[in-house]
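Examining the three-dimensional arrangement
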Amino acid sequence: MERVVEGTESGDTMALLDDDRLFPTDPAVRSLARELYQAVRDLPIISPHGHTDPRWFAENAAFSDPASLFVTPDHYVFRMLHSQGIALEALGVPRVDGGETERDSRRIWRLFAENYHLFRATPSRMWVNHALQTVFGVTERLSAGSADAIYDRIDAQLRTEAFRPRALFERFNIEAISTTESAIDDLKWHRMIRESGWAGKVVTAYRPDAVVDPEFAGFAENVARMGEMAGEDATTWAGYLAAHRNRRAFFKSFGATSSDHGHATARTEDLPQDVAARLFDTALQGRCTADEADAVRGHMLTEMARMSLDDGLVLQIHPGSARNHSAGILARFGRDKGYDIPTRTDYVAALAPLLNAVGERAELTIIVFTLDETSYSRELAPLAGVYPALRLGPPWWFHDSFEGMTRFREMATETAGFYNTVGFNDDTRAFCSIPARHDVARRVDCAFLATLVATGRLDRDEAPEVAHDFSYRLAKQAYRL
Amino acid sequence: MERVVEGTESGDTMALLDDDRLFPTDPAVRSLARELYQAVRDLPIISPHGHTDPRWFAENAAFSDPASLFVTPDHYVFRMLHSQGIALEALGVPRVDGGETERDSRRIWRLFAENYHLFRATPSRMWVNHALQTVFGVTERLSAGSADAIYDRIDAQLRTEAFRPRALFERFNIEAISTTESAIDDLKWHRMIRESGWAGKVVTAYRPDAVVDPEFAGFAENVARMGEMAGEDATTWAGYLAAHRNRRAFFKSFGATSSDHGHATARTEDLPQDVAARLFDTALQGRCTADEADAVRGHMLTEMARMSLDDGLVLQIHPGSARNHSAGILARFGRDKGYDIPTRTDYVAALAPLLNAVGERAELTIIVFTLDETSYSRELAPLAGVYPALRLGPPWWFHDSFEGMTRFREMATETAGFYNTVGFNDDTRAFCSIPARHDVARRVDCAFLATLVATGRLDRDEAPEVAHDFSYRLAKQAYRL
Amino acid sequence: MERVVEGTESGDTMALLDDDRLFPTDPAVRSLARELYQAVRDLPIISPHGHTDPRWFAENAAFSDPASLFVTPDHYVFRMLHSQGIALEALGVPRVDGGETERDSRRIWRLFAENYHLFRATPSRMWVNHALQTVFGVTERLSAGSADAIYDRIDAQLRTEAFRPRALFERFNIEAISTTESAIDDLKWHRMIRESGWAGKVVTAYRPDAVVDPEFAGFAENVARMGEMAGEDATTWAGYLAAHRNRRAFFKSFGATSSDHGHATARTEDLPQDVAARLFDTALQGRCTADEADAVRGHMLTEMARMSLDDGLVLQIHPGSARNHSAGILARFGRDKGYDIPTRTDYVAALAPLLNAVGERAELTIIVFTLDETSYSRELAPLAGVYPALRLGPPWWFHDSFEGMTRFREMATETAGFYNTVGFNDDTRAFCSIPARHDVARRVDCAFLATLVATGRLDRDEAPEVAHDFSYRLAKQAYRL
């Protein structure tokens, strides 16, 4: 990444990116932020949680075209275009029923370009600009007028070896990246990566929602499948737990250092084993009430934490998204189409069972995320500021942005400090946005630290160490990568 | 407004207003903000939602005196004075029982002036100062010492032609203003304005709370009255809906481009027609439970939206105010006396029925407001950032202020962008505060844009267009004015 | 405090504290903030609410050692150390069962010093640095390397007369301080202070949780004890209320000007007397449901307010802390061990019974606090901005910090103004942090005022008066000290 950035950013008046972007406006503080940033900008990227496709690195096939790299798979991008009345079909988003959608990449790209003003002041705009400039050498702003030329430039480069996934991985200076796979995934792409002999560190993470959530489509079948894969009778409570242990070990053998759990609420439970076993049985039979399903999910977080005490996987909790808000869009286009909306999320009562069970175990790491920013100063920082096992994940999803990160630091730091946080996650499906997102995080953190120094809340000589911690060490250490 | 402002603001050391008020403090960013502002400060005012009295423009009678212009009708002003122990009677607020209240305008004005320090750093202070300086040419701060002189100056001017409502309307450079009338209002003042031949554009808006909310005083009578006015039998569900359609058309004939709905919650429903019909019947009979009344209100929002698909009215939702918190004040002084308190308001589940029914219709515009700032980044920006029909109203009521607007832009922009917002509403009953409020909005928006440019989140050449959009075009376009 | 600060802060490059800490970074605004601050920095301290130990001032014995002054009793400090895996035993926190904990003050101090980086950018770090520098003359940052030398320096000074409680009280320039005692405390330390003839003004505050909360340990016994102390039959409702009146009078005789109430929620009730009497009877018999217990607490706030109308005590409400989140820590170490976590707290409906009963009485002062910052702009500022009896307490506990105070001013001022707030509370158990905390508050307030002036929201000539109000007058007046 280093040379690319240098070549296109430094003083180039045609650049898409301001060299001093996201730094404080006061000249003295800006200068300090810049100095801190210079020392961390080229550190390797630790990407401990995300949704890149391991197949890219397994097959190392060229990305097919600009639209399918930048538009069609990026829900941040197509949701904004759609909010102004552009049909998802026109953006090439596939329909569940296989119905007609736009297949001409250039037409999709033009639609994106003509409406690029919609992204003013959004994170997507900065990520796309960063990728266009630093990855593809584009220096003109995307617009109706520049659409074709930029399309051609990207398209031509994608056909070269230097733009294949592994080459980009290396150019992006990624030291380690974690993908996320279902507990019943066979990890064949990860196996293929390992067997290829390529040195890139791509690990998996254990995501058992499909076999933990009684309301997940095909829950009982998924559990049966997990039992088969693990060689356990997963229809019994004991066998089910044993199957989890087995699958976690299998995931560990492909580098996993964490599990990840995406529930509608942050509810946890620590039920007596016989009660849990009965509930699980009810769930398998498809007879759970909504509340019982929530209890099963909640209890399984505590079971996962207990397994973590044995196998060392870090436990990540991503609660609070109301998925598929539009039933019509879900029916027409399926999941993950930009209609997942954050909801008010409570942590204090919700996490009590889990934290009472294992929260005092300093050898365990539980990383909790939120889409409800009001919880930072009120609930999460106070909890992470006392329980040895608890850490705060970085700003997530809609809050993975300048303002979101700034609010996080301002609201969480005074009570949780720096060392109950875990660095940055890019959490992305958009490969080319990875350097952009880490760059934003490093800039915002250096801006925050410079402000702390300028206002006497941190000593000047301490700031570089903290900048390094934020950019590199905390993620590596918390995620054991 | 132009000349008045120029005459009293530019460099006058006696001015009440700082020329650079509300701009960022960093000199370079301030300079950019000032430059952006200079280009929009004199744009015509689009006031698409508010509560000015159409009678002013119909009769064009002189305003009677300073206190009844600035104090007695302004709940922002008298609530602050009252919070420090001043009786509402002493401020001339009329009593429900006709009991004695202060009638001497000068005494009320003096009380206001003596306590003007209570308004330090509040929006009211900036609005009043702006009106005093730019409308009345006052340059001395209001205080016990200056009270009489300022009173006399205002009072004398109010007796002149130049300070009658229509003259001020023109001087304020109002291109279009919307008042708000009940669905059973006869719009006689609007008729009188139209028949007068005066060119000022004063339109109405359709506010059907009195005939939509089963808990509204006189609901059944109001519905009957609406039926009569519309020539429909509004006691049947079909007739009731037809009566709404008729009244909306009547309102449209007086320029209405929007309906407006002020409910205690953001709840919407999309009930089967037979269920809705039965509920309506129960409501008419006065037998609704509180929950059923809420369901009726919620369902009627969806019916209104369906009518909007036909007649093009923009649907505004203003939820979340707990009205008349003090029963004693309500009994003594009636509604709208400063005791309406914002409450926590949820939108994700609440708006789902409405948005699932009509949210994908790009030809429809639903503008949602909030008094719960936590919903900006968590719920409203994510919803408006994907549903084609949904737009975010500007900061409302207690949040119509420097800090409130700044928080709105900081919390909503990254996810909703600029173009899912709709410019500014002054939403006021205080006529002379209209230029002041729009000026504050233009300044805050230019300050925000300057900060975006200075931190590399918006290009310098894009900012003037966005400033113009915020100050003029977005309101005009969203409200179809 | 004055000379100490001067000696160690002004231009000393070895100082722990930046002279301009917490001021805005823009040079012109910083200069104005500094100027405002210079005029208030040395004002006497009014400390109207806190938890210092009256025994210190009664006996005036030397503090024993550095760890027991700075570490062991300070839950802010030991919770952060514990969050990173340090056992409370190792910090000398006493166990309920009398089990072994570290008793070597120097070893505890070293552990604190080695982990001092954990406090970067936290309020604790600034408070400790302030005390180390201004009270003990330390100029080197605490670390493993400096631990012993700093320990020795503090330890030696603690053995001198100048570092006894009364001497420090005078040096800190405390004009008045309030401790907080249980309604069934005999106030013997306060009696001893009074009888000693020492001129320091140390008053008590009436905290009746133990006799008002049916869920408080030993509730019925506590009520019986109160009855004995008051010479009333407190097992009857009338006798119980009479006993409260008696105890309040007793507390007033030891200078009390306020009562204080720490409930889990902000719920208030204004029940008919016969209903309240029956509920009280149920509570005494230990047969209350959780909801009934909450109703008792809520109703007693209204009873306390009615007594305040007679005896003039200011009513403080501190709601919304979920106490003792970890059952294990509670069992092992008891209450107040850093496991009290803020919860979402609603005020609008909760305070309605109280405010409808007494909120219009301007001669009454109710000061409400919150741990839920979302309530500032949404609920508390609107309520305090209209009810004559209601005032907003300063940012509390986790929010007693630069960011917390800044958010409070930014979110509350526009609606509540300056004069519905009551200055600063240090609310501390850590004696040496008192000057530090008031200094932080004065700096943040001056920074806020300077920003208001620089952005045209307050006139330059008004700012010094407001700075004085915030630093001194408002607390003195609101608390009647």
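Residues numbered from 1 in each chain as written. Chains lettered and ligands numbered in written order. Predicted model: local features only at pLDDT ≥ 70, side-chain atom pairs only at ≥ 80, totals over all residues. Heavy atoms only, no water.

**With respect to the overall build of chain A**
Short version of the rule: Strands here mean DSSP runs of E at least two residues long; helices mean DSSP runs of H or I at least four residues long; both are numbered from the N terminus. The size measure is the radius of gyration over C-alpha atoms, and the globule rule it meets is 2.2 Å times the number of residues to the 0.38 power. Exposure classes here rest on a 1.4 Å probe applied to the protein chains alone. A residue is buried below 20% of its type maximum, exposed above 50%, and partly exposed in between. It only takes one pair of heavy atoms within 4.5 Å for two residues to be counted as in contact. Only the protein chains shown count as cover for residues, with accessible areas throughout obtained via the Shrake-Rupley method and a probe of 1.4 Å. Neither His nor the chain termini are counted; the positive set is Lys and Arg, and the negative set is Asp and Glu. A charge is said to be at NZ when it belongs to Lys, at CZ for Arg, at CG for Asp and at CD for Glu.
Scanning chain A for helices and strands turns up 21 helices and 11 strands. Computed over the C-alpha atoms, the radius of gyration of chain A is 23 Å, within 12% of the 23 Å expected from 2.2 N^0.38 for a compact globule of 481 residues. In terms of principal-axis extent, the alpha carbons of chain A reach across some 70 × 60 × 45 Å. Sorting the 481 residues of chain A into buried and exposed places 66% on the buried side. For chain A, contacts bridging at least 24 residues in sequence account for 77% of all contacts bridging at least 6. Carbon and sulfur atoms make up 49% of the accessible area of chain A, which totals about 15700 Å². Counting 54 positive and 70 negative side-chain charges, chain A places the centres of these two groups 2 Å from one another.

**Some thoughts on the relation of the copies chain A and chain B**
Heads up, the rule is: Each copy is superposed on the other by least squares, with the fit set by C-alpha atoms of residues at a pLDDT of at least 70 in both.
Expressed as a screw transformation, the operator carrying chain A onto chain B has a rotation angle of 120 degrees and an axial translation of 0.0 Å, and the superposed copies differ by an RMSD of 0.0 Å. Taken together, these values place the two copies in the relation of a three-fold axis. Identified as the residue of chain A closest to the rotation axis by C-alpha distance is A:Asp26, at 3.5 Å.

**A look at the sheet that holds strand β2 (residues 174-178) of chain C**
Paired through backbone hydrogen bonds, the strands of a sheet run either parallel or antiparallel to each other. Residues and elements named next belong to chain C. Put simply, the test is: DSSP-based pairing: two strands are paired if at least 2 bridges between them are found. Note on geometry: axes are lines fitted to C-alpha atoms, helical ones only across the stretch in contact, with angles between N-to-C directions running from 0 to 180 degrees.
Taken in spatial order, the three strands line up as β1-β2-β4 in an open sheet, and their pairing is parallel. For this open sheet the edge positions go to β1 (45-47) and β4 (202-203), each flanked by a neighbour on one side alone. Both β1 and β2 contribute to a ladder of three bridges, which runs parallel. Within the sheet, the bridge partner assigned to Ile 45 lies in β2 and is Ile 174. Contacts from helix α20 (residues 433-454) reach β1 and β2, with the element oriented near 105 degrees to β1.

**Details of the packing of aromatic side chains**
Rules: Only the six-membered ring of Trp is used, alongside the rings of Phe and Tyr, when aromatic pairs are assigned; centres must lie within 6.5 Å, and planes under 30 degrees apart are stacked while those over 60 apart are edge-to-face, with the rest tilted.
Across all of its chains, the model carries 96 aromatic pairs over all chains by this definition. Centroid distance A:Phe169 to A:Trp198: 4.8 Å. Interplanar angle 70 degrees. Geometry classified as edge-to-face. With A:Phe169 in helix α9 (residues 165-171) and A:Trp198 in the loop between α10 (188-196) and β4 (202-203), this residue pair connects regions lying 29 residues apart in the sequence. Per residue, the accessibility class of A:Phe169 equals that of A:Trp198, and both read buried. Pairing C:Phe418 with C:Tyr419 gives two aromatic rings, centres 6.2 Å apart and planes at 80 degrees, and the pair type is edge-to-face. We note that C:Phe418, like C:Tyr419, is buried.

**Structural notes on the interface of chain C and chain A**
Stated formally: Here the buried area means the combined drop in accessible surface, using a 1.4 Å probe, for two parts upon being joined, counting both sides. Salt bridges are defined as contacts in which a side-chain nitrogen from Lys or Arg sits within 4 Å of a carboxyl oxygen from Asp or Glu. When residues are sorted by character, Ala, Val, Leu, Ile, Met, Phe, Trp, Tyr, Cys and Pro go into the nonpolar class, Asp, Glu, Lys and Arg into the charged class, and all the rest, Gly among them, into the polar class.
Between chain C and chain A, the contact holds 46 residues from the first and 45 residues from the second. For the pair chain C and chain A, the two sides together bury roughly 3700 Å², of which 50% comes from carbon and sulfur. Inspection of the chain C/chain A interface yields 10 salt bridges. Here C:Arg120 and A:Glu462 are joined by a salt bridge, their closest N and O atoms 3.2 Å apart. Breaking the side of chain C that touches chain A down by element, the ones donating at least two residues are α2 (27-38), α5 (75-83), α7 (123-135), α16 (327-333), β9 (341-342) and α19 (402-416) of chain C. When grouped by side-chain class, the residues that make up the side of chain C that touches chain A number 17 nonpolar, 16 polar and 13 charged.

**Describing the sheet that holds β4(A)**
Residues and elements named next belong to chain A. A sheet is described by the order of its strands in space; here three strands give the open sequence β1-β2-β4, paired in parallel fashion. Since the sheet does not close on itself, it has two edges, and those belong to β1 (45-47) and β4, each with one partner. On the sheet, helix α20 (residues 433-454) packs against β1 and β2 (174-178) and is oriented at approximately 105 degrees with respect to β1.

**A word on the domain arrangement of chain A**
All names here are of chain A. The condition is simple: Each domain's limits were defined by an automated method or a database of domain assignments. We call two N or O atoms a polar contact when they sit within 3.5 Å, provided that within protein one can donate a hydrogen and the other can accept it, with sequence-adjacent residues counted only if both atoms are side-chain atoms.
Under the domain assignment used here, chain A contains domain 1 (63-163) and domain 2 (166-478). Placing the centre of domain 1 and that of domain 2 at their C-alpha centroids yields a distance of 29 Å. With 25 residues of domain 1 in contact, the opposing surface of domain 2 contributes 29 residues. Between domain 1 and domain 2, roughly 2300 Å² of surface is buried when both sides are summed, and carbon and sulfur atoms account for 65% of that area. Linking Arg 332 and Glu 89 is a salt bridge whose minimum nitrogen-to-oxygen distance equals 2.7 Å. On the surface where domain 1 and domain 2 come into contact, there are seven residue pairs in polar contact (both at pLDDT 80 or more). For the side of domain 1 that touches domain 2, the secondary structure elements donating two or more residues are α5 (75-83) and α7 (123-135). Considering every element that reaches the side of domain 1 that touches domain 2, the biggest residue donor is α7, with seven residues. Along the lines of polarity and charge, the residues of the side of domain 1 that touches domain 2 split into 16 nonpolar, four polar and five charged.

**A few points about helix α12 (residues 219-230) of chain B**
Residues and elements named next belong to chain B. Under the convention used in this document: Given a helix with a known number of residues, its expected span is that number minus one, times 1.5 Å. This arc is taken over the directions from the axis of the helix to the C-beta atoms.
Look at α12: 16 Å from first C-alpha to last across 12 residues, which is about the 16 Å you get at 1.5 Å a residue. Of the positions making up α12, those classed as buried are Phe 219, Asn 222, Val 223, Met 226, Gly 227 and Ala 230. Take α12 and look down its axis: the buried residues cluster within an arc of 145 degrees, on one side only. The outward face of α12, more than 90 degrees from its buried face, is lined by the exposed residues Glu 221 and Glu 228. Residues of α12 that are buried sit in contact with β5 (206-207), α11 (209-212), α13 (237-253) and α14 (273-284). With its phi angle positive at about 70 degrees, Gly 231 sits one or two positions after the end of α12.

**A look at the pattern of salt bridges**
The final tally for this structure, using the stated rule, is 138 salt bridges over all chains. Between A:Arg443 and A:Asp439 there is a salt bridge, with the nearest N and O atoms lying 2.9 Å from each other. With A:Arg443 and A:Asp439 both in helix α20, this residue pair falls four residues apart, about one helical turn. Across this residue pair, the class does not change: A:Arg443 and A:Asp439 are buried. Ionic pairing is found between C:Arg225 and C:Glu228, a salt bridge with its closest N-O pair at 3.8 Å. Residue C:Arg225 and its partner C:Glu228 are located together in helix α12 (residues 219-230), separated by three residues, close to a single helical turn. You can call C:Glu228 exposed: its relative accessible area is 60%.

**Describing the environment of C:Gly385**
As for its placement among the helices and strands, C:Gly385 is situated in the loop between α18 (375-384) and β11 (390-392). Under the relative-accessibility criterion, C:Gly385 is labelled buried at 0%. The sequence separation of C:Gly385 and C:Thr421 amounts to 36 residues, and the corresponding C-alpha distance is 9.9 Å. Aside from chain neighbours lying at most four places away, what touches C:Gly385 is B:Arg79, B:Met80, B:Ser83, C:Thr415, C:Ala416 and C:Asn420.

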